[in-house]
Amino acid sequence: RAIALTKRLLSLMPSVDADFVPHLCALSEDLLERFKRTGWVSDVNEALTTTAQAADLATDRGLSTRALYTVASAWLANYAITHDRSALDKAISAAIRSIDTAPTGEPNLVGLHDILGIGLMHRYEETDNIQDLLDGLAEFRRALTYLVPGTPCGVVLSNLAAAARRGYDHTGDLAILTES
C-alpha cells in the first residue's frame with residue numbers, strides 16, 4: 001500500500017516540489033524492502049530508475065547522500081540477481097559518491113561505510129583482489145567509529161567478522177583477525 005500511495009503522490013507532485021526527491025527515495029527504499037521479502041526483480045529495476053532520478057534531481061547534500069546510498073543499495077540488489085560485475089562497480093561508485101557528498105553530521109555514516117564495505121567484499125569474492133578485501137575491512141571498521149552509543153551494531157560487526165575471516169583465510173595473517 002505504501003508503494004502504491006507513494007507512486008500516486010509522485011504522479012500528482014511537480015518534480016520541483018521540495019518533497020519530491022525524499023518521496024522518490026522512500027519509494028525506492030520501499031521497493032528494495034519488498035524485493036528482500038518477495039524476490040520480485042521488477043522492484044529492483046524500478047528502484048534503480050527511481051533512485052537515479054532522485055540522485056539527478058537532488059540539490060541538497062543530505063538528499064543527494066540519501067539518494068546515492070539508495071542507488072548503491074539498488075545496484076547491490078541487481079548484482080545479487082545478475083552477478084553482473086558492472087552492477088557491482090556501479091554500487092561501489094555510488095557508495096563512494098554518497099560518502100563524498102555526505103554533509104557534516106550525516107546521521108547515516110555507519111550505513112554509508114557499511115554498504116561500501118559490502119560492495120568491496122563482493123568484488124573481492126569475485127576477483128580475489130586482496131586490496132578490495134583490505135579496503136572492505138577498513139570501511140567496516142570506519143562504520144563502527146560512527147556508531148552512537150546504544151545503537152545496534154550487530155550487522156556491521158557481523159560484516160566485519162566475516163570479512164576478517166575471509167582475510168585470514170586468504171592470507172593466513174593473524175593480524176587481520178586481531179585488528180578486527
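One can find the structure itself at the top, above this paragraph.
Quick caveat, the model's predicted, so the values are computed rather than measured.

A.B. asks: In this structure, what is going on with helix 8 (residues 154-171)? I would like to understand it.
C.D. replies: Counting along an α-helix, one turn takes 3.6 residues, and residues three or four places apart therefore face a common direction. The end-to-end C-alpha distance of helix 8 is 25 Å, a good match for the 26 Å that 18 residues give at a rise of 1.5 Å each. Of all the residues in helix 8, the buried ones are Val156, Asn159, Leu160, Ala163, Ala164 and Gly167. Looking down the long axis of helix 8, one finds its buried residues gathered within 130 degrees of arc, a one-sided arrangement. In this structure, the buried residues of helix 8 make contact with helix 6 (109-127), helix 7 (130-145) and helix 9 (174-179). In the segment just after helix 8, Gly172 is the residue with positive phi, at about 75 degrees.

A.B. asks: Sorry if this is basic, but what is going on with the side chain of Asn78 here?
C.D. replies: With respect to the helices and strands, Asn78 occurs in helix 4 (residues 61-82). Look past the residues within four positions of Asn78 in its chain and what remains in contact with it is Val44, Asn45, Leu48, His83 and Ala87.

A.B. asks: Whenever I open this one, the side chain of Thr50 confuses me. Can you help?
C.D. replies: Among the structural elements, Thr50 can be located in helix 3 (residues 41-57). At 3.2 Å, the side chain of Thr50 and the backbone oxygen of Ala47 are in polar contact. Not counting the four nearest positions on each side in its chain, Thr50 is found in contact with Leu24, Leu27, Ser28 and Leu31.

A.B. asks: Hey, could you run me through unusual backbone geometry in this one?
C.D. replies: Where the residue is not glycine, phi is negative for most of them; where a peptide bond is considered, it is trans in most cases. Look at His83: it is not a glycine, yet its phi comes out positive at around 55 degrees. The residue His83 is located in the loop between helix 4 and helix 5 (85-101) in this model. You can call His83 exposed: its relative accessible area is 55%. Phi is positive for Asp128, which is not a glycine, with a value near 65 degrees. Residue position: Asp128 is located in the loop between helix 6 and helix 7. Judged by its relative accessible area of 48%, Asp128 is partly exposed.

Definitions and cut-offs
- Per chain, residue numbering runs from 1 following the sequence as it is written.
- Since the coordinates come from a predicted model, pLDDT governs what is reported: local features require at least 70, and pairs of side-chain atoms require 80 or more to be given and counted, while whole-chain, interface and lining totals use all residues.
- Note that the side-chain values use all heavy atoms of the structure and ignore hydrogens as well as water.
- Strands are runs of DSSP state E lasting at least two residues, helices are runs of H or I lasting at least four, and both sets are numbered from the N terminus onward.
- Take the residue count of a helix, subtract one, and multiply by 1.5 Å to get its expected span.
- Only protein chains enter the calculation, and the probe is 1.4 Å; a residue is then buried if its accessible area is under 20% of its type maximum, exposed if over 50%, and partly exposed in between.
- The directions considered for the arc are those from the helix axis to the C-beta atoms.
- Note on definitions: a residue-residue contact is assigned when non-hydrogen atoms from the two residues lie within 4.5 Å.
- Two N or O atoms form a polar contact when they lie within 3.5 Å of each other; inside protein one atom must be a possible hydrogen donor and the other a possible acceptor, and for residues adjacent in sequence the pair counts only when both atoms belong to side chains.

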